[in-house]
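If you want the building blocks of each chain, they are given just below.
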Amino acid sequence: MRAELARLRDSIDNIDAAVVHMLAERFKCTQQVGHLKAAHQLPPADPSREAQQIARLRRLAENAKLDPAFAEKLLNFIIAEVIRHHESIADGAGQATGATGE
Ligand SMILES: O=C(O)C(=O)C[C@]1(C(=O)O)C=C[C@@H](O)C=C1
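Residues numbered from 1 in each chain as written. Predicted model: local features only at pLDDT ≥ 70, side-chain atom pairs only at ≥ 80, totals over all residues.

Draft legend 1. The arrangement of helix α1 (residues 2–39) in detail. For α1, built from 38 residues, the straight-helix expectation of 56 Å at 1.5 Å per residue is met to within 8% by its first-to-last C-alpha distance of 55 Å. The buried fraction of α1 amounts to two of the 38 residues, a small share that puts the element mostly on the outside. Directly beyond the C-terminal end of α1, a positive phi value near 50 degrees is found at Q41. (Helix = DSSP H or I, 4+ residues; strand = E, 2+ residues; numbered from the N terminus. Expected span 1.5 Å × (residues − 1). Buried ≥ 20, exposed ≤ 12 C-beta atoms within 10 Å, placed from the backbone.)

Draft legend 2. The arrangement of the UniProt feature "domain: Chorismate mutase" (unreviewed entry) in the protein in detail. In the numbering used here, UniProt assigns the "domain: Chorismate mutase" (unreviewed entry) feature to residues 1–90. In this annotation, residues 1–90 is assigned 87% helix and 0% strand; the end-to-end C-alpha distance for the span is 53 Å. (UniProt positions renumbered as here; feature names shortened; annotations may be inferred.)

Draft legend 3. Focus on the site of the ligand. Every residue lining the ligand is accounted for by T30, V33, A45, D46, R49, E50, Q53, I79, V82, I83 and H86. Listing elements by their share of the shell around the ligand, those giving two or more residues are α1, α2 (47–63) and α3 (68–90). Here the element with the most residues in the shell around the ligand is α3; it accounts for four residues. Here the residues of the shell around the ligand are counted per class, giving five nonpolar, three polar and three charged. (Near = placed C-beta within 6 Å. Nonpolar A, V, L, I, M, F, W, Y, C, P; charged D, E, K, R; others polar.)

Draft legend 4. View of unusual backbone geometry. In the Ramachandran plot, Q41 falls in the positive-phi region, its phi being about 50 degrees despite a non-glycine side chain. With respect to the secondary-structure elements, Q41 resides in the loop between α1 and α2. When the 7 C-beta atoms within 10 Å are taken as the criterion, Q41 is described as exposed. Of note, K65 is a non-glycine position whose phi angle comes to about 60 degrees, a positive value. By the secondary structure assignment, K65 is in the loop between α2 and α3.

Draft legend 5. Layout of the packing of α2 against α3. Packing of α2 against α3 brings their axes to within 8 Å, and their N-to-C directions diverge by 140 degrees. Taken as a pair, α2 and α3 cross one another with a handedness that is right-handed. Listed contacts from α3 to E50, Q53, I54, L57, R58, A61 and E62 of α2 are P68, A71, E72, L75 and I79. (Axes fitted to C-alpha atoms, helices over the stretch in contact; angles between N-to-C directions. Left-handed = near helix turned anticlockwise from the far one by under 90°. Contact = placed C-beta atoms within 7 Å.)

Draft legend 6. Here's a closer look at the environment of I83. Within the fold, I83 resides in helix α3. Under the C-beta neighbour-count criterion, I83 is labelled partly exposed, with 17 such atoms within 10 Å. With 37 residues separating them in the primary sequence, I83 and D46 have C-alpha atoms 9.3 Å apart. The contact partners of I83, leaving out residues within four places of it in the chain, are P44 and A45.

What follows is the structure, given as structure tokens:
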């Protein structure tokens, strides 16, 4: 039992590391989007884009046997942080960080 638990926890640790690295890459992209939007006076949030992302993620979650409501909550949580970053960039505090660290 102990060996099985240790094996599963190793996999969990690897998956958590992958999630962190993927999120870091996503935030690198969204920081660039934030600068583009600020440079072109576009609003930090784009609700129609978010609606498309949520619909797509819910479909992917269903196919992957993941609770679509959980997938939606997770995406909304991440996007809320991105919008916060976009607002900081637009306010001229573009170096401010949050979930991206530093
Ligand atoms: O695609 C954009 O316009 C973004 O700013 C990125 C992003 C996202 O994190 O995916 C964040 C905020 C928007 O409301 C929609 C999507």
